[in-house]
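So you can see what is in the structure, the chains are spelled out below.
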Amino acid sequence: MKRLFVCALLLFAGADLFAQQNTPPLQRQDTPPVASQQNTPPLPPPEEGAPPMQPSATPPPVAPIVVAAPKQPNGKIQKSLVRITSTEVEPDYRAPWNTGAIGRGVGAGFVIQGPRIMTNAHVVSNTRYLTVERDGDPNKYPARVVFVAHDCDLALITVDSPEFFKNMVPLGFGGIPELESTVSAYGYPIGGERMSVTTGIVSRIDFQLYTHSSIDQHLAIQISAQINPGNSGGPVMQNGKVIGVAFQGYSGDVAQGVAYMIPTPVIRRFLTDIKDGHYDKYVDLGLTPGNLQNPAQRRYFGLPDDGRGVVVRTVIEAGPAGKVLKEGDVLLSIDDHAIASDGSVELEGERVEMPEVVERKFKGDKVKFEILRDKKPLTLTIELDTVWPYQMQAHHYDTRPRYVVYGGLIFQPLSLDLLDAYQISDPRVRHYFDYYILEQLYLQHPDIIVLTNILPDPTNTYLGPYRSSIVDEVNGKKIATLNDLAQAFAETPDRFVIKMIGQGPPLVLDPKEVESARERIRTRYNVIAEQNLEEQPVAAKATASSGTPHS
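The rules behind these values
- Residues numbered from 1 in each chain as written.
- Predicted model: local features only at pLDDT ≥ 70, side-chain atom pairs only at ≥ 80, totals over all residues.
- Heavy atoms only, no water.
- Helix = DSSP H or I, 4+ residues; strand = E, 2+ residues; numbered from the N terminus.
- Contact = heavy atoms within 4.5 Å.
- Pairing = 2+ DSSP bridges.
- Axes fitted to C-alpha atoms, helices over the stretch in contact; angles between N-to-C directions.
- Patch = residues over 30% accessible without salt bridge, like charges linked within 9 Å, V, L, I, M, F, W, Y side chains within 5 Å.
- Areas by Shrake-Rupley, 256 points an atom, 1.4 Å probe, with all protein chains shown as cover.
- Salt bridge = Lys/Arg side-chain N within 4 Å of Asp/Glu carboxyl O.
- Buried < 20%, exposed > 50% of the residue type's maximum accessible area, 1.4 Å probe, protein only.
- pLDDT = per-residue confidence, 0-100.
- Arc of directions from axis to C-beta.
- Polar contact = N/O pair within 3.5 Å; in protein donor to acceptor, adjacent residues only side chain to side chain.
- Phe/Tyr/Trp six-rings, centres within 6.5 Å; stacked < 30°, edge-to-face > 60°.
- Lys NZ or Arg CZ within 6 Å of the ring centre and 35° of its normal.

This part covers the side chain of threonine 131. Looking at where threonine 131 falls in the secondary structure, it is placed in strand β5 (residues 127–134). Those residues in contact with threonine 131 that lie beyond four places of it in its chain are Arg83, Ile84, Thr85, Lys140, Tyr141, Pro142 and Ala143.

Turning next to the sheet that holds strand β12 (residues 235–238). Strand order in the closed barrel made by the six strands is β8-β9-β10-β14-β13-β12, with antiparallel pairing throughout. Across the sheet, the axes of successive neighbouring strands diverge by a mean angle of 45°, strand direction being ignored. Relative to β12, strand β8 (residues 182–187) runs antiparallel, the two sharing two bridges. Each bridged residue has a counterpart across the sheet, and for alanine 185 the counterpart in β12 is valine 236.

Attention shifts here to a nonpolar patch on the surface. Where nonpolar side chains cluster on the molecular surface, the patch consists of Ile176, Leu179 and Ile205 and spans about 260 Å² of accessible area. Looking at where leucine 179 falls in the secondary structure, it is placed in the loop between β7 (154–159) and β8. Here leucine 179 falls in the exposed class, since its relative accessible area comes to 53%.

Omega for the peptide link from glycine 114 to proline 115 comes to -10°, which places this bond in the cis form. You can see proline 115 is positioned in the loop between β3 (101–112) and β4 (116–119). One non-glycine residue, asparagine 239, adopts positive backbone phi at about 55°. Tracing the chain through its elements places asparagine 239 in the loop between β12 and β13 (241–249).

Before going further, it helps to spend a moment on the environment of threonine 459. By the secondary structure assignment, threonine 459 is in the loop between β25 (449–454) and β26 (469–474). When its relative accessible area of 14% is taken as the criterion, threonine 459 is described as buried. Through-space distance from the C-alpha of threonine 459 to that of leucine 509 is 8.0 Å; in sequence the pair is 50 residues apart. Beyond its immediate sequence surroundings of up to four residues, threonine 459 is in contact with Gly407, Leu509, Glu513, Val514, Ala517 and Ile521.

Per the stated rule, a full pass over the model turns up 21 salt bridges. A salt bridge links aspartate 306 to arginine 298, with the shortest nitrogen-to-oxygen separation between them at 3.0 Å. Relative accessible area serves as the criterion here: at 42%, aspartate 306 is assigned to the partly exposed category. Note that glutamate 515 and arginine 518 form a salt bridge whose closest N and O atoms lie 3.9 Å from each other. Residue glutamate 515 and its partner arginine 518 are both found in helix α9 (residues 511–524); the two are separated by three residues, about one turn of the helix. Taking relative accessible area as the criterion, arginine 518 reaches 34% and is therefore assigned partly exposed. Several salt bridges share partner residues, and in doing so they unite Glu515, Arg518, Arg522 and Glu530 into one network.

With that settled, consider the confidence of the model for the chain. With 83% of its residues at a pLDDT of 70 or more, the chain shows a mean pLDDT of 85. Low pLDDT (under 50) marks residues 1–43, which in the prediction has 79 contacts with non-local residues, meaning those over four places away or in another chain. Note that residues 536–551 has pLDDT below 50 and, in this model, 16 contacts with residues that lie over four places away or in other chains.

Regarding helix α7 (residues 427–434), the residues found buried are Val429, Tyr432 and Phe433. Buried residues in α7, looked at end-on, bunch into an arc of 100°, giving them a common side. In this fold, the buried residues of α7 make contact with α6 (416–422) and β26. Between the side-chain oxygen at the start of α7 and the backbone nitrogen of arginine 428 there is a gap of 3.0 Å, and the oxygen is on aspartate 426.

Attention now moves to the packing of aromatic side chains. Here the structure, examined in full by the defined rule, presents 13 aromatic pairs. For the ring pair phenylalanine 270 and tyrosine 279, a centre distance of 5.7 Å and an interplane angle of 65° mean the geometry is edge-to-face. For the pair phenylalanine 270 and tyrosine 279, a shared accessibility class is recorded, and that class is buried. Ring geometry for tyrosine 406 versus phenylalanine 496: centroids 5.5 Å apart, planes at 90°, classification edge-to-face. Remark: phenylalanine 496 occurs in strand β28 (residues 496–500) and tyrosine 406 occurs in strand β23 (residues 403–406); sequence separation between them is 90 residues. Since its relative accessible area comes to 14%, tyrosine 406 is described here as buried. Exposure remark for phenylalanine 496: the relative accessible area of 0% places this residue in the buried category. Its end group placed over the ring of phenylalanine 164, arginine 134 keeps NZ or CZ at 5.6 Å from the ring centre. Lying over the aromatic face of tyrosine 282, arginine 269 brings its terminal NZ or CZ to 4.1 Å of the ring centre.

Following this line, the structure appears as structure tokens:
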């Protein structure tokens, strides 16, 4: 799912001022008009016997005040900005053996040291062909993706042509802008071919959901500068420095004039992570804290009334904290930063949420906790890593859907993309998706295998009611992953008895009938390949690395 947003320049400096200078001042009706104070010569005295002079009904014209156009506060951005065009192929989850629909997207990017081009991950996701253009050059240069970080919506691309980066000026990075300070966003609004700019103010600095992955939350800065479709990836600048990358906003009637940029702490972390030639993703503790502000609760956990401490509500067993912390532990400090009862810590003179401490670390780094367990103080250390169960609830890009087709039945692992494609409303499937982590369903089912669709054939007639069912067993063997299902169908029993989760009779298939219908189904529905197991599930990798058997 792509979200391409662009910034448009609608900056008319001095327009309001000009209008006010040429509008007569409003007068109260009971107040006599005030004589004009313009520098006009005094009237000559009337000749003797002439009638008295009357004031003219039309005042002399006022010369318009011309306001000079403001200078470019951030320099010649045209020498740094590029227009990106991506030809993309969206995966087809309803017919996963197909290539998918071809689309075209336009975004922006800017040159940084390297030389490299920074943009959003969603600008280059699922791309098959990428070109960039620069100001004053009619050529379109083929480009390629070097690094992409879907969890923080950033990417680096490059152009191999030695001519492209000539006379291009890399941009430098600044810090976090102050609230109410003015920023400028640059890009190509709604597919425009000329650079455009909007200005606005910084209105909020907070943790926000990054919609590209739909699961990750990082620091984001809300700005009032307009961001429109087609300009994601453009720089947001202040005092000649990049202080953010435009990446998402609201559309329709949800909110007006609300857009977001990725701030420099997130950008710098991404650039630091890839220094070893590989992006290791954001790390996470894998726990859910709960505030401890109620006095009775604090006394129950043995806490004084000092405003410190949060309680561990849930711990993901597959996460870094799974073998160190327990539910009910009270977290008092993290890396010597006291944790307030509302879950915030003081970091570099600012109050931020506790996860911000972890956000700045990398895979393999350690974090120290001071805790209370059963009212006794302890000091614990956790080595940070990613938390693979989260990936089931995230959008995936640049990969082919995994699936198995057997007897015209299409089996696929549950994911956010699958739900979007099929609009599954079955309560059991929704429960397994929503509570996959909270109830730790991943321990028994790293892959939630769903019978998503049926390619009608005499061999599978009357099996329609089994659509959207979750596979539990095949011939008495538990099915934990898609690989398990493929291996089960590779056997040659007299029949396959497929038990679904929940009550009801099992689904039964005759292998001989399935084999006789195999070519018929493949030809009728153009099934190029009956399965795709090339992309191993993250669950399988994580389980194998932990030493747990994985069939």
